[in-house]
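Breakdown of the fold
For reference, the chains in residue letters:
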Amino acid sequence: MALTSALLCWALLSLSPPAPLLAQATTGDADLTPIYAIQGDGVASPLAGRRVSARGLVTGLTLDGFFLQDPVGDSDPATSDGLFIYTWERPTVAVGQCVAVRGGLVEEYYGKTELNRVQAIEPAHACGADGLRAVAFPLPTLEEAPLAHYESLEGMLVQTPPFSGIVLGPYRWIARGQNELALLPAHLAPYIAGPRLFHDHPAAQTALLYLSGRVSLLLPDAAAGMAVRVEPPGLTAILDYSFDRYRLLPLTSQPLQTIGHLPRPPVVEPAGDADFTVCSLNLNGLGQGREQHIHPEEYRSALFLHARVIAQTLQGCTIVALQETGTPADAAALAEELASTFRLTYTATALPGPASADPDFPLTNSLLTRRERVEVVEARLSQGCSPLNYDVDDPGKCRPGEYPLFDRPPLIARLRISGAWAGDPVELWLINNHWKSKAGDETANAIRRLAQAQHVAAEVQALHLWWPGMPVIVLGDLNDFYGSAPVEALRGGVEPPLLHTFDYLPRLDRYTYLFSGVAQALDHLLVTPDLTPQIAEVRILHVHADFPEGGEAIPPTDHDPLLLRLRPHGGVTAGGALGIGGIQVDAIDASGAVAASAMTDPAGEYRLWDLPLAPLTLRFTSWPGVTLEPAEIAWTPTPGHQTAPAPQVRHQTAEAAALLAVITPDLMPSDFISSDFISSGFISSDPGSPDLAGWSPPAGRRGAR
């Protein structure tokens, strides 16, 4: 989507009739403090906590304030000439106006210097007849933290050079139209391993560049993996600081293009008679609290969108553990929506907990189970107790001197599942969790989550003791990372230890959430070892975190759902690492049909799910420049998860590059490797790239079952 030049729109805004100001001019200029003196030459303002008055030109408007800049400045590169004025509600000034802000309190709002609680905003003069000129904005580097580059530009009008980048994710949705993007500039892509950044590589996160529609509201929708190109002369923007990130706020329409299309959602097979599926989904506050879906039409729309995910994306999952249901009534309403709109009959199981009564943002863990296949034998909440007071109101649950641990206690349910297998219906325990979020003091949050993990591990151990031989599934939004101390305390706090099903997934697939463009696994699914022989599929369905709000589909939540497929007669899965992306892997059965298929990811990994326990032929299909020997391998899988046999892989371009690097060490990779290889950090599997010109993917089934 190409956008027009910023210069014309800026001129039009400057000439438009000014909006009414908050007050008329009443005082002179003797009491004015220059903006650069308010900002100072350090990280924080030297005047924090004091009331000051300032004058400048309005450069941009937000829903709750505006940016003000001194048009002259002090010519000191260590001090910023721009400042944010917080007005709480939509400001009544206009871009291009010269105004004086009287009696504003200097505050450091999460690291951003701003004037708050202003006493008056008045028309002013002497702002300079020539207007403002944007200062040059340097693109990110890996050598220095953003603070070193950008603190002295905070709040100022800046001009970027032309650049291109890869979208790592729409990372924050404030309100419709105010989408934000995290970009990896193309010149830094060769230094990043793979197509996305994970939370455990903080040094590489300095490479990210953030764009926000907070001022212009005109950023194009873009999903993770798409490209963005900024044509000459570059972006004209205000540099903001918010939530530990410097963000470019383009002023108006810009020379900005998005390249690519929203990816197709992954496809899973519905559960059959001989298997069943277990899913987990965070509903992002599906309730009618004052800060949720308070308007009836909005609530009905949210019910439909969530029901559509369960019915279509999760293919009518047999058992769905839900987090962030508003109240038990909202779980029942979602079940009714699934029945009336999608003709899927679910039983809703939800018990009110401490957070269910919150009038602003009620939250309840709940469960939906397919009525024709699942019987909920019993269900209860499991409140933990702590010597620390977390201000949870749950009377009678803890002894004197101890305090409730969970706002949203785990929901424990004993389930009986029927199907076309020999013997009795399958019985198992399911524990649905929503642990303490990362909002607020994360040091205290981590201690609390560790205690919550230990409590749940003790519950699993007790179920082992009282119900020997009955499997347990622990799942939900644990609000901590794969491999983190709380998640490991849960896994290893049980004897024998729980299996984290993400162990079966490729490394690049282990994320359920994007925060500031950084991939994280906040949602988890663990099982007792007695279930491992039944695992036929483990999937994180990336249908929410990678997508913007708006466009072709509106994600109803920012967490990706999880899916586990169990076959009581035994599951068969396999995977491998071929080292190169874009290689098609097909498992062919004795009749010549494709039993399962996959394509290697940018790290060269793949998985084949739900394989038959029968002789197969693995067929590997590469692209020009890659030789596979042999291209077909006869193989008979065994029960459980295993490594599939692999061909020898030779990449002619990489071998030539290595040879040239030895012979001519001064050669840069760009001298002999295609631009797509360099810009994406891995060999492109896009048939339209220069690497694959004239090549078409092999015919047949796409994606893993």
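Below, the structure is looked at part by part. All residue numbers here refer to positions counted from 1 along the written sequence of the relevant chain. Selection of residues for local features in this predicted model requires a pLDDT of at least 70, selection of side-chain atom pairs for listing and counting requires 80 or more, and totals for whole chains, interfaces and linings are taken over all residues. Values reported for side chains reflect all heavy atoms of the structure, with hydrogen atoms and water molecules removed beforehand.

With that settled, consider helix α5 (residues 328–342). Counting from the N terminus, the helices are DSSP H or I runs at least four residues long and the strands are E runs at least two residues long. Multiplying 1.5 Å by the helix residue count minus one yields the expected span of that helix. End to end, α5 covers 21 Å across 15 residues, agreeing with the expected 21 Å (1.5 Å per residue, within 8%). Here, two residues are considered to be in contact whenever any of their heavy atoms come within 4.5 Å of each other. Elements that come into contact with the buried residues of α5 comprise β17 (276–286), α4 (296–313), β18 (319–325), β19 (346–350) and β20 (364–370). One or two steps after α5, the chain reaches R343, where phi turns positive at roughly 55°.

Within a sheet, each strand pairs with its neighbour through backbone hydrogen bonds, oriented either parallel or antiparallel. Strands were regarded as paired on the criterion that DSSP finds at least two bridges between them. If you walk across this open sheet you meet the nine strands as β7-β8-β14-β15-β12-β10-β9-β13-β16, and the pairing is mixed. Both outer strands of the open sheet, β7 (135–136) and β16 (256–259), are each paired with one neighbouring strand and no more.

This brings us to the sheet that holds strand β31 (residues 535–540). Strand order across the open sheet formed by six strands is β19-β20-β18-β17-β32-β31, with mixed pairing between neighbours. Two strands lie at the open edges of the sheet, namely β19 and β31, each paired on one side alone. Averaged over all pairs of adjacent strands, the angle between strand axes in this sheet comes to 15°, irrespective of strand direction. Sheet analysis places β17 next to strand β32 (residues 562–566), joined by five bridges and oriented antiparallel. Paired with V278 across the two strands is L564, which belongs to β32. Those strands touched by α4 are β17, β18, β19 and β20, and its axis lies near 160° from that of β17. Note on definitions: angles span 0 to 180 degrees between N-to-C directions of axes, and those axes are lines fitted to C-alpha atoms, for helices only across the stretch in contact. Across the sheet, α5 touches β17, β18, β19 and β20, and the angle it forms with β19 is around 170°.

On to the nonpolar core. Ranked by size, the top nonpolar core spans 31 residues in total, and within it F276, I319, L415, L430 and I473 carry the most contacts. At the level of elements, β17, β18, β24 (411–417), β25 (426–434), β26 (472–477), β30 (523–527), β31 and β32 are the ones that each hand at least two residues to this core. Here this core gets four residues from one element, more than from any other, and that element is β24. Contacts of F276, omitting those with residues within four sequence positions, involve A271, T318, I319, R373, I417, W421, V426, L428, L564, R565, L566 and P568. The set of buried Ala, Val, Leu, Ile, Met, Phe, Trp, Tyr and Cys residues whose side-chain atoms join them within 4.5 Å is what this entry labels a nonpolar core. Buried means the residue's accessible area, taken with a 1.4 Å probe over protein chains only, is under 20% of the maximum for its type, while exposed means over 50%, and partly exposed covers the values in between.

Here we take up the packing of helix α6 (residues 442–466) against helix α7 (residues 485–492). At their nearest, the axes of α6 and α7 sit 8 Å apart, and the two run at 10° to each other. Accordingly, the angle class assigned to the pair α6 and α7 is roughly parallel. Here α6 and α7 pass one another in a crossing that is right-handed. Of α7, the residues touching α6 (which contributes A446, R449, L450, A453, V456 and A457) are A485, P486, A489 and L490. The residue classification treats Ala, Val, Leu, Ile, Met, Phe, Trp, Tyr, Cys and Pro as nonpolar and Asp, Glu, Lys and Arg as charged. All others, Gly included, are polar. Of the residues belonging to the contact of α6 with α7, the class tally is nine nonpolar, no polar and one charged. Angles are sorted into four bins: roughly parallel if under 35 degrees, roughly antiparallel if over 145, roughly perpendicular if 65 to 115, and oblique for all others. Note on convention: near helix rotated counterclockwise from far helix by under a right angle means a left-handed crossing. Clockwise means right-handed.

Between two packed helices, what matters for the description is the angle formed by their axes and the separation of those axes. Remark: α4 packs on α5, axes separated minimally by 9 Å, with the N-to-C direction vectors making an angle of 65°. Between α4 and α5, the angle falls in the class roughly perpendicular. Classified by chirality, the crossing of α5 by α4 is right-handed. Facing α4, whose interface residues are Y299, L303, F304, H306, A307, R308, I310, A311 and Q312, α5 presents D330, A333, L334, E337, L338, T341 and F342. Grouping the constituent residues of the contact of α4 with α5 by class yields ten nonpolar, three polar and three charged.

Time to look at a nonpolar patch on the surface. A patch is a set of surface residues, each over 30% in relative accessible area and not in a salt bridge, joined within 9 Å for like charges and within 5 Å for the nonpolar side chains Val, Leu, Ile, Met, Phe, Trp and Tyr. Areas reported here follow the Shrake-Rupley algorithm with a probe of radius 1.4 Å; residue values treat only the protein chains shown as occluding. The rule for a salt bridge is simple: a side-chain nitrogen of Lys or Arg has to be within 4 Å of a carboxyl oxygen of Asp or Glu. The grouping of L465, W466 and W467 at the surface amounts to a nonpolar patch, some 410 Å² of accessible area in total. Tracing the backbone through its elements, the reader meets W467 in the loop between α6 and β26.

Below, the discussion takes up unusual backbone geometry. The omega angle of the peptide bond from P232 to P233 is 10°, so this bond is cis rather than trans. Its location among the elements puts P233 in the loop between β13 (227–230) and β14 (236–242). Backbone torsion omega between E629 and P630 reads -5°, so that peptide bond is classified as cis. On the secondary structure map, P630 appears in the loop between β38 (626–629) and β39 (632–635). Look at S516: it is not a glycine, yet its phi comes out positive at around 55°. By secondary structure assignment, the location of S516 is in the loop between β28 (513–515) and β29 (518–520). Using a relative accessible area of 3% as the deciding quantity, one classes S516 as buried.

Any two cysteine sulfur atoms within 2.5 Å of one another count as a disulfide. All told, the structure shown has three disulfides when counted by the stated rule. In this model, C279 is linked to C317 through a disulfide, with the two sulfur atoms separated by 2.2 Å. Judged by the sign of its S-S torsion, about 105°, the cystine formed by C279 and C317 is right-handed. Taken together, the residues C279 in strand β17 and C317 in the loop between α4 and β18 connect sequence positions 38 residues apart.

Functional significance is not addressed by these values, which are geometric in nature.
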